[in-house]
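So the chains spell out like this:
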Amino acid sequence: ATLGILLGGPLGYVLFYRPDFYFSNPIEIVKMWDGGMSFHGGVVGTSLGILYLARKEKLNWLRLHDYIACCVPFGLFFGRLANFVNQELWGAPSNVAWAVRFQEYDPFGQLVLGPARHPSQLYEAVLEGIVLLGILWWMFWKTDARYQPGKLVGAFVFFYGLFRFGIEFVRE
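Residues numbered from 1 in each chain as written. Predicted model: local features only at pLDDT ≥ 70, side-chain atom pairs only at ≥ 80, totals over all residues. Heavy atoms only, no water.

Draft legend 1. Broad picture of the layout of surface pockets. Looking at the largest pocket, its volume works out to about 1,300 Å³. In terms of lining residues, the largest pocket is bounded by 38 residues, among which Met37, Ser38, Phe39, Leu76 and Arg80 are the most central. Secondary-structure elements contributing two or more residues to the lining of the largest pocket are α1 (2–16), α3 (39–57), α4 (61–85) and α6 (151–167). No other element matches α4, which puts 11 residues into the lining of the largest pocket. Within this model, the second largest pocket holds a volume of roughly 180 Å³. When residues in the lining of the second largest pocket are grouped by element, the largest group, eight residues, is from α1. The residue makeup of the lining of the second largest pocket, split by class, is seven nonpolar, five polar and no charged. (1 Å grid on protein atoms, 1.4 Å probe; cavity = no way out; pocket = protein on both sides within 12 Å on 5 of 7 lines; lining within 4 Å. Points joined across faces, edges and corners; volume = space filled by probe spheres on them. Helix = DSSP H or I, 4+ residues; strand = E, 2+ residues; numbered from the N terminus. Nonpolar A, V, L, I, M, F, W, Y, C, P; charged D, E, K, R; others polar.)

Draft legend 2. Representation of the pairing of strand β1 (residues 100–105). Where β1 and strand β2 (residues 111–117) come together, five bridges link them in antiparallel fashion. Among the inter-strand pairings, Arg101 is bridged to a residue of β2, identified as Ala116. (Pairing = 2+ DSSP bridges.)

Draft legend 3. Inspection of the environment of Ser38 at higher detail. The topology assignment puts Ser38 in the loop between α2 (19–24) and α3. Residue Ser38 is classed as buried on the basis of its relative accessible area of 6%. Measuring from C-alpha to C-alpha, the distance between Ser38 and Tyr17 comes to 8.8 Å, with 21 residues separating the pair along the chain. Setting aside its immediate chain neighbours within four residues, Ser38 contacts Gly9, Gly12, Tyr13 and Tyr17. (Buried < 20%, exposed > 50% of the residue type's maximum accessible area, 1.4 Å probe, protein only. Contact = heavy atoms within 4.5 Å.)

Draft legend 4. Seen up close, α1. The first and last C-alpha atoms of α1 sit 21 Å apart over 15 residues, in line with the 21 Å expected at 1.5 Å per residue. Taken together, the buried positions of α1 are Gly4, Gly8, Gly9, Pro10, Gly12, Tyr13 and Val14. Lining the buried residues of α1 we find α2 and α3. (Expected span 1.5 Å × (residues − 1).)

Draft legend 5. Looking closely at the packing of helix α5 (residues 120–142) against α6. Contact geometry for α5 and α6: axes closest at 10 Å, N-to-C directions at 155°. In terms of orientation, α5 lies roughly antiparallel with respect to α6. The two elements α5 and α6 meet at a crossing, and its hand is right-handed. The residues of α6 that touch α5, namely those facing Ser120, Tyr123, Glu124, Leu127, Glu128, Val131, Leu132, Ile135, Leu136, Met139 and Phe140, are Lys151, Leu152, Ala155, Phe156, Phe159, Tyr160, Phe163, Arg164 and Ile167. A per-class count over the contact of α5 with α6 returns 15 nonpolar, one polar and four charged. (Axes fitted to C-alpha atoms, helices over the stretch in contact; angles between N-to-C directions. Parallel < 35°, antiparallel > 145°, perpendicular 65-115°, else oblique. Left-handed = near helix turned anticlockwise from the far one by under 90°.)

Draft legend 6. Representation of the nonpolar core. With 14 residues, the main nonpolar core has Cys70, Leu132, Leu136, Met139, Leu152, Phe156 and Tyr160 as its most contacted residues. Those elements that place two or more of their residues in this core are α4, α5 and α6. The biggest single contributor to this core is α6, with six residues. When near neighbours in sequence (up to four residues on either side) are disregarded, Leu132 contacts Pro73, Leu127, Phe156, Phe159, Tyr160 and Phe163. (Core = buried A, V, L, I, M, F, W, Y, C linked by side-chain atoms within 4.5 Å.)

Put into structure tokens, the structure is as follows:
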């Protein structure tokens, strides 16, 4: 799973967001400290890793996906907090009382304080981390979902998609 994230995340970023730049400068792909990770690339890489492990060890791949899906909200939570600290993935401009002003560059390259914005990274940390973990925890312990392979990963995909769709309305 870790190799899937470390290989799939950058590869997804390269293919989806900046293919022209990276195909012209391939050495930049390995510079993960400069950013360039995509969630969907990490998901594809992790899923391929899970499928490989399941096949190699003759395990049920859906059950493995279920258990991994129950751990993902921890990573999403801390990843979104890191997005907030790094002042990336801003929210749309807003007048709400809890709006945050991030440092931005003006057209002349000077660092300035930008407009007040929704802290969409924190919204995502709460929804994708805490709330999603709570839903999966409840499903795992209070229902028979853990005995039905695929149900937990299906719930993860459904609720993650729902939360992400909602956040897009306040994200820039």
